[in-house]
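Commentary on secondary and tertiary structure
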Amino acid sequence: MKNKKLGTANSSIDKYEKFYLPCLWLIGVLVFAPIFTKSFVNLDDNWFLMENPYITQFDIVGAFGNFYKGQYSPVVSLLIGGFYKIFGDNVVPYNFLSLFIHLINGSLCFILLKKLSNKSLLAFCVSLVFLIHPLQVESVAWSSAAFKMALFACPFLGGLIMYTKFIDTNKLKYYFLALVFMVIAVLIKEQAIMFTFCLFLIDYILQKPIFNVKGIVKKIPFLIVSIIGGIITLMASASFKDGSIKMIDFSFFEKIVAMSFSMFDYLYKILFPKNLSIFYPTPTLENINGIYILSLAVPILLMLAIYFFWSKDKKYQLFGILFLLINLALAFAIIIFNVRDTFVADRYLYVPIIGFYFSLFSIISEYAKQNKSVSNVLRYVFVGYVIILSFLSFNRVQVWENSEVLWSDAIRKYPEKVIVPYNSRGDYYAKQKQYEKALKDFNVAIKLSGKSSAKPHRNRGIVFMKMNKFDEGISDLSRAIQIDPKDVKSYSERSLAYFKQKKYDMALNDANIALGLDDKYINSYLDRAFIYSATNNHNMAIKDYTTYISYKSDNDKIYLYRGLEFAKLNQLPNALNDLNKAIEINSQDPSHYELRSQIYASMGEEVKSQADIAKVNLLRKK
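These numbers come from a predicted model, not from an experiment.

Topic: the overall build of the protein
Check the secondary structure of the protein and you find 31 helices and 0 strands. Computed over C-alpha atoms, the radius of gyration of the protein comes to 28 Å, within 12% of the 25 Å expected from 2.2 N^0.38 for 622 residues, which places it in the range of a compact globule. Considering only C-alpha atoms, the protein reaches an extent of 90 × 55 × 50 Å along its principal axes. Sequence-distant contacts, at least 24 apart, represent 70% of the contacts inside the protein between residues at least 6 apart. Carbon and sulfur atoms form 62% of the exposed surface of the protein, whose accessible area is close to 28400 Å². Each charge sign in the protein was given a centre, from 70 positive and 49 negative side chains, and these centres are 10 Å apart.

In C-alpha cells form, the structure reads like this:
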C-alpha cells in the first residue's frame, strides 16, 4: 500500500474530476467531427479491409491460421469482419467505430495515469492532448490505421491498468486479465510486444522492486507472449515481399544517423505539429552525412535526461521518457534493419505520445508548484496550446476526405520526393476515369522510382489498357514483371490485356503464373474463367468462377457469368439458381432478367419468361 500513501501525500481531492471524462469525449468529438464524412482511401483501406477475404468472408478460422500480405491481425478480421457482414463497404459506420475507439483510448489513458500518479488534473491534461493532437489524426481518420494502431491501444492500455490494479490489490484476477489483454493486443498489432517492458516501468513508478526474483518471475508469462509475438511478426513479414517498397542501401553508420534524425523529428513534431503528411521522405545518401549528423546529439541528450531523472528520483518524468522510447523501439528497429523510402510516420506516435506529455507536464507541474506566481500564466498557455492543437487537428482530419485530397496534400509538401503519393493519386484518378491526370502522376512516379519499383509501371500499363492502348499497356506490364518477377498483379493485368487481344494462350500462361505465385489472388481466377469461356472450356470456366465466389460471394455479375456457362452446357437448373442469386444481390440489372427469361423459355415456362421480359423492358425504360 506504500504507493497509495505516496500518491496521496502529493495530491488533494480534485472537485472537478467527475467532469474530466465527459469533457474529454466532448472535445474529442468536436475536434474529429469532419471524420463522419470522409471516405476510404487507397492506402491499405482497399487491400487490408475491403479486399481482405478473411474480412469479407468473415473467415475467422482462416484469419487465425494464415498470414495476409505480411500481416497477422486476426482480431482485426474478427471485429471488422463482423462490421462488414452488417454494413458492407458503407464507410460511415467504420468512421464512427474508429472515433469511438480513439475516445475509449483517451479514457483509458486518463484512468491509467490517474492510477499511476493519483493526480487527476495531470492525467486529464495528458489525456486531452493525447486525444486532440494532430499526430493522432492519421491513426483515427485512416481506417486501416485505426483498426490496427488505435485498436491495439485499447487492450494495451487496458492491460496496463489491470496490472496496476494487480500491484495495488495483489488479486490474481487482475494479473490474468492483464495477460489476456496483452495477448489480444499482440493479435492486433506487433507493437504490443513492448507491453512487458512497460510493466517494469509500472513497478518503478509504484515503488515496487524491479529486478528481484519474484518480480521477474511475474513477468515471465508476458515475456513469453512478447517472444512469440515477435516470432510471428518476423514470420509474417518474411511471408510477403512487396517489390513496390523502395529500400535504401544505407551503411550501418548512416542508419544510426537516420534513426537519430527520426528521434529528433518525432520530438519536434510532438511539440510543433506543422506540415504533417501521410509520407515523409527519407534523407538521401547525398545529405545523410550533412546536417543530419547533428541529430546524433538527440539520443545523447535523451540518455542524459534519463540519467538526470533517475539520479534526482523524478519518477513521473523518467517513466514518461522511457514509456516514449520503449513504445517507439520497433519504429527505430525498422530503420536499423530495413531503411525504406519513408521511415517516419505519425501513427507510430499514437501510444508513445502519452509518455512524452506525462513527462513534460510533470516537469511543468513541479515548476508551477514551486513558482506560484506563474501558475495562472501556465494555465493560459496550456489552454492556448490545446486550442491551437484542436484547430490543427480539425483541419488535418479534412485532409483525409478522399484519396485525391490526401495525396495532393503530401505532394504539395514534398513535391517529387516520394513515389507513393504520385502513384496513389494516379490510381485514384484512374478509378475516376481521369486518365490523362493519372498518366501524368504515374510518369512522375516512374521517374522517381527508376528501376526500383514495379508498381508505377504496372499502374501506367493498366491506364493504357483502359484507354485501349494495349501494346503500350503490355509494354509497361512487362517492364513491371522484369523489375519484380513475383508481381502477381502485373501478370494478372497482362493476362487480361492478352485476353482482349485474343491471344488466349499467352493470357492463360500469365493467369497460371499469377495463381502459382499467389493462389488467393482471386482476380486471376476471374481472368482464367474468361479465357476458358472464350475457348469453350465451360467446365473449367465454371470451376474458376466457383473458386472466385468462395472468396467473394457478393458479386452479382459472377453469378450471371457462371449461369451463362451452365446454360451453354444445358445445365438449366444450375443456371437458374445462379440467375436467381444474381437478382437477389442486384435486382436492378436488366441483363439478369434477360438471361433468366431465356432459361425459363428453354425450360418451357413461358409465363415466367414473359414476366422477366416485361421486367427487362421496365428497367431499361428507367
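Still more ground to cover, so stick around.
Considering the environment of glutamine 501
Topologically, glutamine 501 is positioned in the loop between α24 (488-500) and α25 (504-517). Overall, the relative accessible area of 23% leaves glutamine 501 in the partly exposed class. Separated by 288 residues in the primary sequence, glutamine 501 and valine 213 place their C-alpha atoms 72 Å from one another. If we ignore the near neighbours within four places in the chain, the residues touching glutamine 501 are Phe470, Asp471 and Ile474.

Things to note about the packing of aromatic side chains
On inspection of all chains with the given rule, the structure shows 43 aromatic pairs. When the centroid spacing of 5.2 Å and the interplanar angle of 80 degrees are considered together, the rings of phenylalanine 356 and tyrosine 357 count as edge-to-face. Since its relative accessible area comes to 14%, phenylalanine 356 is described here as buried. Overall, tyrosine 357 belongs to the buried group, its relative accessible area being 1%. Their ring planes at 50 degrees and their centres at 5.8 Å tell us that phenylalanine 499 and tyrosine 504 sit as a pair that is tilted. For tyrosine 504, a relative accessible area of 24% corresponds to the partly exposed category. Cluster of aromatic residues (ring-pair linked, three or more members): Phe152, Phe156, Tyr163, Phe166, Tyr175, Phe176, Phe195 and Phe222. In this arrangement the basic side chain of lysine 219 is found over the ring face of phenylalanine 200, its NZ or CZ atom lying 5.0 Å from the centre.

Regarding helix α10 (residues 143-169)
Between the first and last C-alpha of α10 there are 38 Å, a value that for 27 residues agrees with the 39 Å anticipated at 1.5 Å per step. Taken across its 27 residues, α10 has 24 buried, putting it largely inside the fold.

Re the pattern of salt bridges
The full count for this structure, using the stated rule, is 25 salt bridges. A salt bridge links aspartate 313 to lysine 315, with the shortest nitrogen-to-oxygen separation between them at 3.0 Å. Residue aspartate 313 is classed as partly exposed on the basis of its relative accessible area of 46%. Its salt-bridge partner being aspartate 510, residue arginine 494 comes within 2.6 Å of it at the nearest N-O pair. One end of the pair, arginine 494, is in helix α24; the other, aspartate 510, is in helix α25, with 16 residues separating them in the sequence.

A word on the nonpolar core
Counting 142 residues, the largest nonpolar core has Val126, Phe147, Phe156, Leu160, Ile278 and Phe323 as the members making the most contacts within it. With 17 residues, α10 is the single largest residue contributor to this core. Core analysis: the next-biggest nonpolar cluster, separate from the first, contains 14 residues, Leu515, Ala541, Tyr545 and Ala582 among them.

Here we look at unusual backbone geometry
The phi torsion at asparagine 275 lies on the positive side, around 50 degrees, for a residue other than glycine. Unlike most non-glycine residues, asparagine 570 shows phi in positive territory, near 65 degrees. Counting through the fold element by element, asparagine 570 comes out in the loop between α28 (556-568) and α29 (572-585). Judged by its relative accessible area of 59%, asparagine 570 is exposed.

A closer look at the confidence of the model for the protein
Per-chain confidence: the protein averages 90 in pLDDT, with 94% of residues scoring 70 or above. Mean pLDDT in the protein bottoms out at helix α1 (residues 2-9), which sits at 40, and peaks at helix α11 (residues 172-186), which reaches 97. Considering only residues more than four positions removed or in separate chains, one finds that residues 1-12, a stretch of pLDDT under 50, has 13 contacts.

A short note on the packing of helix α17 (residues 352-370) against helix α18 (residues 375-399)
It is at 9 Å that the axes of α17 and α18 come closest, and there the two elements cross at 155 degrees. As far as their axial angle goes, α18 and α17 are roughly antiparallel. The element α17 and its partner α18 pack so that their crossing is right-handed. Contacts between α17 and α18 pair Tyr357, Phe361, Ile364, Tyr367 and Ala368 from the former with Ser375, Leu378, Phe382 and Tyr385 from the latter. Looking at side-chain class alone, the contact of α17 with α18 contains 8 nonpolar, 1 polar and no charged residues.

Some remarks on α25
Compared with the 20 Å implied by 1.5 Å per residue over 14 residues, the 20 Å span of α25 between its first and last C-alpha is a close match. Of all the positions in α25, only Ala507, Asp510, Ala511, Ala514 and Leu515 are classed as buried. Projected onto a plane normal to the axis of α25, the buried residues spread over an arc of 135 degrees and lie on a single side. Facing away from the buried side of α25 by over 90 degrees, the exposed positions are Asp505 and Gly516. Those residues of α25 that are buried lie in contact with α24 and α26 (522-534).

A few points about the side chain of aspartate 578
Within the element layout of this structure, aspartate 578 appears in helix α29. If sequence neighbours within four positions are ignored, aspartate 578 has contacts with Tyr559, Arg562, Gly563 and Phe566.

Regarding the environment of valine 397
For valine 397, the location among the structural elements is in helix α18. Linking valine 397 and valine 137, residues 260 residues apart in sequence, is a C-alpha distance of 6.1 Å. With residues near it in sequence (within four places) discarded, valine 397 still touches Val31, Phe32, Pro34, Ile35 and Val137.

What to know about the state of the cysteines
The tally for this structure, following the rule as stated, stands at 0 disulfides. In this model cysteine 198 remains outside any disulfide bridge; the closest cysteine sulfur is found in cysteine 109, 13 Å from its own. With a relative accessible area of 1%, cysteine 198 lands in the buried category.

Rules used in this analysis
- Residues numbered from 1 in each chain as written.
- Predicted model: local features only at pLDDT ≥ 70, side-chain atom pairs only at ≥ 80, totals over all residues.
- Heavy atoms only, no water.
- Helix = DSSP H or I, 4+ residues; strand = E, 2+ residues; numbered from the N terminus.
- Rg over C-alpha atoms; globule rule 2.2 N^0.38 Å.
- Contact = heavy atoms within 4.5 Å.
- Areas by Shrake-Rupley, 256 points an atom, 1.4 Å probe, with all protein chains shown as cover.
- Lys, Arg positive; Asp, Glu negative; His and termini not counted.
- Charge placed at Lys NZ, Arg CZ, Asp CG, Glu CD.
- Buried < 20%, exposed > 50% of the residue type's maximum accessible area, 1.4 Å probe, protein only.
- Phe/Tyr/Trp six-rings, centres within 6.5 Å; stacked < 30°, edge-to-face > 60°.
- Lys NZ or Arg CZ within 6 Å of the ring centre and 35° of its normal.
- Expected span 1.5 Å × (residues − 1).
- Salt bridge = Lys/Arg side-chain N within 4 Å of Asp/Glu carboxyl O.
- Core = buried A, V, L, I, M, F, W, Y, C linked by side-chain atoms within 4.5 Å.
- pLDDT = per-residue confidence, 0-100.
- Axes fitted to C-alpha atoms, helices over the stretch in contact; angles between N-to-C directions.
- Parallel < 35°, antiparallel > 145°, perpendicular 65-115°, else oblique.
- Left-handed = near helix turned anticlockwise from the far one by under 90°.
- Nonpolar A, V, L, I, M, F, W, Y, C, P; charged D, E, K, R; others polar.
- Arc of directions from axis to C-beta.
- Disulfide = S-S within 2.5 Å.

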